[in-house]
Structures are given as C-alpha cells and as structure tokens.
There are 2 protein chains.
Amino acid sequence: MEDTLLMIPGPTTVPKRVLDAMAQPITNHRGPVYGEILDETTAMMSEVFQTDNKSYLLTGSGTSAMEAAIANIIEKNDKVINVVGGKFGQRLQQLTEVFGGESIEVTVPWGQAVNPEDVKNALEENDDVKAVTMIHNESSTAVVNPIEEVGKVVKDYEALFVVDTVSSLAGDTVKVDDYGLDICLSGSQKCIAAPPGMSAITIGDDAWNVIDKVDSPTYYLDLKKMRKMGDKQPPQTPYTPNVSLTYAMNEALSMVLEEGLDNRINRHHVGAEATRKAAEALGLSLFAREGDRSNTLTAINMPEGVSDGDLRGTMRNKYNIEIAGGQDHLSGNVFRIGHMGITGLQELAMTFTCLEMTLKEFGFEFDAGAGVAALQDVYMKNQ
Amino acid sequence: MEDTLLMIPGPTTVPKRVLDAMAQPITNHRGPVYGEILDETTAMMSEVFQTDNKSYLLTGSGTSAMEAAIANIIEKNDKVINVVGGKFGQRLQQLTEVFGGESIEVTVPWGQAVNPEDVKNALEENDDVKAVTMIHNESSTAVVNPIEEVGKVVKDYEALFVVDTVSSLAGDTVKVDDYGLDICLSGSQKCIAAPPGMSAITIGDDAWNVIDKVDSPTYYLDLKKMRKMGDKQPPQTPYTPNVSLTYAMNEALSMVLEEGLDNRINRHHVGAEATRKAAEALGLSLFAREGDRSNTLTAINMPEGVSDGDLRGTMRNKYNIEIAGGQDHLSGNVFRIGHMGITGLQELAMTFTCLEMTLKEFGFEFDAGAGVAALQDVYMKNQ
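Worth saying up front: this structure is predicted, and the values here are computed from it rather than measured.

**Side note on the environment of Asn28 of chain A**
- Locating Asn28 of chain A in the fold gives a position in the loop between helix H1 (16–22) and helix H2 (32–49).
- Asn28 of chain A sits in the buried class, given 20 other C-beta atoms within 10 Å.
- The sequence separation of Asn28 of chain A and Thr240 of chain A amounts to 212 residues, and the corresponding C-alpha distance is 9.6 Å.
- In this structure, Asn28 of chain A is in contact with Tyr34 of chain A together with Leu6, Ile8 and Glu322 of chain B, ignoring residues within four places of it in sequence.

Next comes the structure, spelled out in structure tokens:
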C-alpha cells in the first residue's frame, strides 16, 4: 500500500475527488467566482447542520471556531456552564476563562456521557448563566453526548447552547434547529472528509442578539465582521480565505449530500458497531461506557503486555496504518480508531487484519480472523 | 486562456508544482512524517526571513499572524507606536486597540513611505513604548516602507519592532536579523506563491522575553503554545494544522530557494520597474510617490473617462485577467496590479496587451503597443 491509511480521528483520508478539487488554480477571493463558490458551500454547510440559519467558513482549524464561539459571546465575569468530560470539553472551558468568563463546571467522568439532569441542576443553582457549552462527540474519550436531551433542558433558560460538533457532523445526527443549538461549530477534516485547516460555524438569532451586545477582544475571529461580509452579494470573508480549501469543502459537502446525510450517518453507525464488535472479538475492552459510545471513533483500552509505542509503531511502520493514542492522562492507556468520513468496511478490514497480526506478534491469543469475522457479521446484517 | 490570470496583489497564481504538492494524501499531523515536513518548512521560512530565529506556521491567513503578533505582546494600556499610511497599517492599529493597547499613531499620507525621523520623534516624545508596528509593503497604497532605517531608529529604544511583510517577503529585501525585526510575519499567498490560508511568524529573544510576561486573551494564536509544541522533536503545532498547505508551502519555499532569494527579489524589482514604465507609457500616472513605490505591486490612478467597474470588468470578462481595485477611500480612484510570486514578463505582457485594448475601447489614445514596448525595454536592459 503506497499511501498511509489514516485511521485516526481526523484528519481522515480525503477522497481523490476532493484533493483534485483543492488543486484547482486559485481565484480572486474578492471576485464573483469565489463568491458563488462560497455561497454554495455555506448553503451546503447549513444543510448538513440541518438549520435555516446561515453558516460561515473560517480559515482556521476547529479550535479557531471554538474560540470564535466563545470569544464573541463572553464578557468579563459572565457565567458559563462548561460540560467537561474530556480534552475538548476542557478546551471550551479554557477558552471561557481566557476570555474572562466564570466557568461553572459540570464534571463528567472521562468515558461517560453527561447526564442532562446535571446540566439542569447547574442551571437551577446559578442565575444569569450566559451559555452552556458542550462537545457533542468527545474524541478524547470516544463518547457521544446527548445534545438533543440537553437542548431540551437549556431551552427553558435564558442561556445560549453552544455545541461543538467537530468530530460528529456528517457522521452522527446533528439537528441544529430541532435541538435548539444556538451556536454550532464543526471542522473540515473529520466526517466531512476534507483536509484540515477550515472550520464552520452557524449562529441562531438568540446568539446574534448576544453577539451584537458583546465587545470582546476578537479580531480575526470576529463574527460580526463575518456576518457583514457574508451578507454581501456575492458573499465575501472579512480576511483572505483559504480559497483551495473552499473548493475542497465544496466538493466534500457535495459528496456528503450525494450520499445522503442520513445514509452517511447510518454508514458511520454501522462502522462504529463493527469496530466495537471486532475489538471485543479480539478480547479487547472498550474505554467508553456502553450506551455512551461514539459513532465516529472508538477508544480501546491498551491491553496489558504491549506498549502504546510498540502497538501503534508496528501498525505504522510495518503496515502503514495510522491509529491514534490516548490524550493527556489516557496517553498509553488507550488507543483510538477513527471510523469517519469515507472510511468503511474496506478500511476497517485492513485495519483489523493488521491489528490482529500486530497483537499476535506481541503474544496475544485469539482465533485468527476473529476481528475480521465480527466486522463481516455486522456489515452483512446491515446490507 | 482557460485559467484566470491573477494579477491582484495576492492571492497570486500558484505554480502547478505547488498545487500538485498540495493535493497529496493527508498525513497524521501528530506523526513523524508531518513533523519532518513541518521542520523542513519552518527552517526554509527562517532562511527566507533571513533569521537565525525559529519560524512558526499558523493555520490562518495573514491577519491571523498580525493578531498573533499584537495579542501576544500587548496588555491593557501598553503604549504602541503604530505607523499608519494605509489599510494594513490601520489593521495593526485596530488590533492594538482591540487588545487594550494605547495607540500612538505616526500618520503617513496614503501613497508615501514613513520618514524614519517621525518614528524617532514619537519614541522621544513617549516613555515606555512597548512596540513600534509597521507594514513593510503597504499593499493598499503600493508603497514600500524603509524597515532597515526604522530598524536602526528603534534599536536605540526598549520598544519591540513588529513588522508585517505579508506582501513583500520573498519579493523584496527582508533581513530580520540585520534589520532588528523583533517580530516579523508574512503570508503564504503573495510573493511565496502558495495558496492563501497559512501565515508565518518569526520571533526574536527580546520579543520572547515580553511574550513570556504577557497574559492576554489569546488561545488559537497563543505563541507560547506554538513555541512549546514547535520545540518537540519532531515539532508539532498546538492545534490541527492545515496539512495540505504545509505541503504547498514546503514546495513553494523550495522553489524560492531554488531560484535563489536574491534572484527572486531582483526579478520582482524588474517586474515592478517594467510595470511602472509600461503604465506611464500609456499616459497613466502612478499613485505612490516616486522613490516610495512597492516592488511587488503598483497602484495606478484611475484615468478620467472610465469607471473602475468598466475597466476591471472588461479585463475580467473579456480577457480573463483579474486586477485589483482600490481599498477604502481609494476605491474607484486607483487600480492595482500585482507583480508577485511567479509573475514575470509573460504575465505582464498579457496584462498590458489587454489593458491597452481595454483603454482603447474606452477612447483613450496612445501608440498601440507602447506599454508592451516599455516592458520589453526594461526586461531587455535587465537580461
């Protein structure tokens, strides 16, 4: 195999069609051709977000959209409920604090989803909460959080509901309008399967009302300026956008909609189930609690008897397959397999075939082919 | 001509070699392959910046690097001398104010370069100036500012010297170490001729000493985190980088160094002279003051008798060539031709041939071919 197979939770393997679209000659970012592409791409983003709100593209990775979401709504001493159950939940909390907010943490054990009741209690116990922030799919722990249920809770309060769907959008169900997500953001390089370096954000009326009143130190990620330039006909961006990645996003989103959003999400669910079953068939255990497990990546407990470096190093050096390690205190304790974007049966077959061989090399015992058989079983039941 | 010829001051036409490099499959941004590419690319950036300091790549356009330069050194009420003689000088001033700094403006008439004496006077008149900010090549006015001379002035004071070389680096002389530039930043899409969406910054020891003491609201563009992750072996970025644009920058910078930095800068000087002479041969006048004119783009006063929309519209729609209009109060009053990156004689020949035809269409009189003849003359003298 010539090219490395990317089985990390983003960036994911990008289809040739998207890479080719990206390699088109550059166009004037202030001209009508770019305006039309931008218009079309943001409209597709809104379709994928399942919202009637406008979407905006940011030339920056997912973290830049996280910062845009926080910096534009938070002023000094604003109270924010941050749901924190992993590294990305922490990031929204850090951003809250960097921009002067007072964080009220709803602590969730790593590996578990938040209980909506805990958010409700935090809202009851604190007056004047400006926003509730949450990660839909916490890729550090491979957990999916119940945004629909939490949305129902937050709806009864003044607080904005800010949701990061960087590693779930187009791979798991995200209904911005139905779930009452006031601000929702995502990235290019996960389930959408474009290269990294671009992110997207969509903002509802209630959030705009807050943003219009906030005067916070933000410039490159100033949403008011994005709205102003985005409202031009044809639309523009405040600063020079990544033209090439706009082409790529346009093509990748076209592929999402050609496949059909529901089909694509279902395909991710099947990939997730197959991965979980295959891992368990090899005697491995899953990190996330049952029922809370992500549909776009799986975290597997590192089995005793092999180190992270040996396991992932063998996968990389011998088989040219990249899987991810754990983050922060999970480093060395779990490894993570992304099943995002265009990844499907074939990629999982390669991955589990080689994972079986790697585990055998380090002395693990199981029936050869057991993982692959489990994959086959799940895929055959879902044909 | 199939593809639009981009003669705007960035983004510029990107060589096929660079587009092809960009279209390579994505690699793991936390893996050794990416680390090696990043290491190589930032080393080439430092070579082009002519500095022994490390350089960092930012996944964001030039404005994100401008924000990084300001937000990481400015705290509330810090005094900053902003040299303002155009839109981008204003941007550094706006950033200063957004991040709580007190701006001391050295006002320069649009179309002129700053007089270093004016910077010296501002430094004499104000104690405790934290930084002097300046645009090397002000692309809104097509003026080049004397960074070497201003560098000599600032050296005698405590203030940091922060210079934006977005539209000059690799097209005009920038010697970060020799000129005493404490922070210098640039973009991917101008003279380096990569696609837009990435920027670069290099930081000297004095600037790091300031940055280490500053606690400002910055997260995505936090330079301390960039240094920490960049110091790993192999280096990483704090957040997911634009992997594809890193490939593109690597290839584009390789092309810069293959051509030779001095050769490339000289080629830009010749293109600038040819453009100025060709415009004047058609009876057009130049916006910027003689002696202050940019080597990477030229601003031409809009001749009476044709509108900006007609002139640039005809160039676009009839000849498939994009030239730029004026910005802010110069809108409608000037048009701008970029001669950046890989642009040379051939591109200028197309541009002036079609510009002559456009002007004839609107009733202007001059000897047909006069502009092209002026181009030829300059290029033949410089062969």
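**As for the sheet that holds strand S2 (residues 55–59) of chain B**
All names here are of chain B.
- Spatial ordering of the open sheet is given by S2-S10-S9-S8-S5-S3-S4, a layout of seven strands whose pairing is mixed. Every other strand in the sheet has two partners, leaving S2 and strand S4 (102–107) as the edge strands with one partner each. Adjacent strand axes in the sheet meet at a mean angle of 20°, parallel and antiparallel pairs treated alike.
- Relative to S4, strand S3 (residues 79–84) is paired through six bridges, and the arrangement is parallel. Across the sheet, residue Val84 finds its bridge partner in S4, namely Thr107.

**Structural notes on the domain arrangement of chain A**
Residues and elements named next belong to chain A.
- Per the domain assignment, the segments of chain A are domain 1 (5–10 + 260–381) and domain 2 (17–258).
- Distance from the C-alpha centre of domain 1 to the C-alpha centre of domain 2: 28 Å.
- Listed by partner, the interface residues are 24 residues for domain 1 and 25 residues for domain 2.
- Of all the elements in the fold, those that place two or more residues in the side of domain 1 that touches domain 2 are helix H11 (261–281) and strand S11 (297–301).

**A word on the interface of chain A and chain B**
- Contacts between the two partners involve 44 residues from chain A, matched on the other side by 44 residues from chain B.
- Mapped by element, the contributors of at least two residues to the side of chain A that touches chain B are H1, helix H3 (62–71), helix H4 (87–98) and helix H10 (243–259) of chain A.
- Its residues placed into classes, the side of chain A that touches chain B shows 21 nonpolar, 19 polar and four charged.

**Here we look at the packing of helix H12 (residues 308–319) of chain A against helix H13 (residues 345–361) of chain A**
Residues and elements named next belong to chain A.
- One way to put it is that H12 packs onto H13 with a least axis distance of 10 Å and a crossing angle of 120°. For the element pair H12 / H13, the angle class is oblique. By crossing handedness, the relation of H12 to H13 is classed as right-handed. Contact residues: H12 offers Leu311, Thr314, Met315 and Tyr319, while H13 offers Cys354, Leu355, Thr358 and Glu361.
- When the residues that make up the contact of H12 with H13 are grouped by side-chain class, the tally is five nonpolar, two polar and one charged.

**Details of the relation of the copies chain A and chain B**
- Here chain A sits on chain B after a turn of 180° about the axis and a move of 0.0 Å along it, with an RMSD of 0.0 Å. Between the two chains, the operation in question is that of a two-fold axis. Considering only C-alpha atoms, the residue of chain A closest to the rotation axis is Gly60 of chain A, which sits at 2.5 Å.
- Here 100% of the interface residues in chain A have copies in chain B that are interface residues too; the copies meet face to matching face.

**Considerations on the pairing of strand S9 (residues 183–187) of chain A**
Residues and elements named next belong to chain A.
- Taking burial as the measure, the five residues of S9 include five buried ones, the bulk of the element.
- Side-chain alternation along S9 places Ile183, Leu185 and Gly187 on one buried face and Cys184 and Ser186 on a second face that is also buried.
- In the sheet, S9 pairs with strand S10 (residues 198–203) via five bridges, with the strands oriented antiparallel. The partner of Ile183 across the bridge, within S10, is Ile203.

**A short note on the pairing of strand S3 (residues 79–84) of chain A**
- Among the six residues of S3 of chain A, five are classified as buried, and the element is accordingly described as predominantly covered.
- Note that the unit made of S3 of chain A, H4 of chain A and strand S4 (residues 102–107) of chain A has a crossover that is right-handed.

**So, unusual backbone geometry**
- A cis amide bond links Gly10 of chain A to the next residue, Pro11 of chain A, at an omega of -5°.
- Note that Pro11 of chain A resides in the loop between strand S1 (5–6) and H1.
- The phi dihedral of Gln50 of chain B falls on the positive side, at around 55°, and the residue is not glycine.
- Mapped onto the secondary structure, Gln50 of chain B falls in the loop between helix H2 (32–49) and S2.
- Look at Asp128 of chain B: it is not a glycine, yet its phi comes out positive at around 55°.
- Along the chain, Asp128 of chain B falls in the loop between helix H5 (116–125) and strand S5 (129–135).
- Given 10 C-beta atoms within a 10 Å radius, Asp128 of chain B is considered exposed.

**Section: H2 of chain A**
Residues and elements named next belong to chain A.
- The end-to-end C-alpha distance of H2, which contains 18 residues, comes to 25 Å, matching closely the 26 Å that a straight helix rising 1.5 Å per residue would cover.
- If you check which residues of H2 are buried, you get Tyr34, Leu38, Thr41, Thr42, Met44, Met45, Val48 and Phe49. Along the axis of H2, the buried residues cluster in a sector spanning 160°; they form a single face.
- Packing partners of the buried residues in H2 comprise strand S2 (55–59), helix H7 (176–179), S9, S10, H10 and H11.

**Details of the sheet that holds strand S13 (residues 324–325) of chain B**
Residues and elements named next belong to chain B.
- Read from one edge of the open sheet, three strands run S11-S14-S13, paired in antiparallel fashion. Every other strand in the sheet has two partners, leaving strand S11 (297–301) and S13 as the edge strands with one partner each.
- Across two bridges, S13 lies against strand S14 (residues 334–338) in antiparallel orientation. Paired with Gly325 across the strands is Phe335, a residue of S14.
- Contacts between helix H11 (residues 261–281) and the sheet are confined to S11 and S14, with S11 contributing the most and set at about 15° to the helix.

**Brief notes about the packing of H13 of chain A against helix H14 (residues 370–381) of chain A**
Residue and element names in this part refer to chain A.
- Direction vectors running N to C along H13 and H14 enclose 160°, while the axes themselves pass 8 Å from each other. Considered as vectors, H13 and H14 are oriented roughly antiparallel to each other. Between H13 and H14 lies a crossing whose hand is right-handed. Counted together, Leu345, Leu348, Ala349, Phe352, Thr353, Leu355 and Glu356 of H13 and Gly371, Val372, Leu375 and Tyr379 of H14 form the full contact between these two elements.
- In terms of residue class, the contact of H13 with H14 is built from eight nonpolar, two polar and one charged.

Reading the values: the criteria
Residues numbered from 1 in each chain as written. Chains lettered and ligands numbered in written order. Predicted model: local features only at pLDDT ≥ 70, side-chain atom pairs only at ≥ 80, totals over all residues. Helix = DSSP H or I, 4+ residues; strand = E, 2+ residues; numbered from the N terminus. Buried ≥ 20, exposed ≤ 12 C-beta atoms within 10 Å, placed from the backbone. Contact = placed C-beta atoms within 7 Å. Pairing = 2+ DSSP bridges. Axes fitted to C-alpha atoms, helices over the stretch in contact; angles between N-to-C directions. Domains from an automatic or database assignment. Nonpolar A, V, L, I, M, F, W, Y, C, P; charged D, E, K, R; others polar. Parallel < 35°, antiparallel > 145°, perpendicular 65-115°, else oblique. Left-handed = near helix turned anticlockwise from the far one by under 90°. Least-squares fit on C-alpha atoms with pLDDT ≥ 70 in both. Right-handed = clockwise from strand over helix to strand, strands pointing away. Expected span 1.5 Å × (residues − 1). Arc of directions from axis to C-beta.

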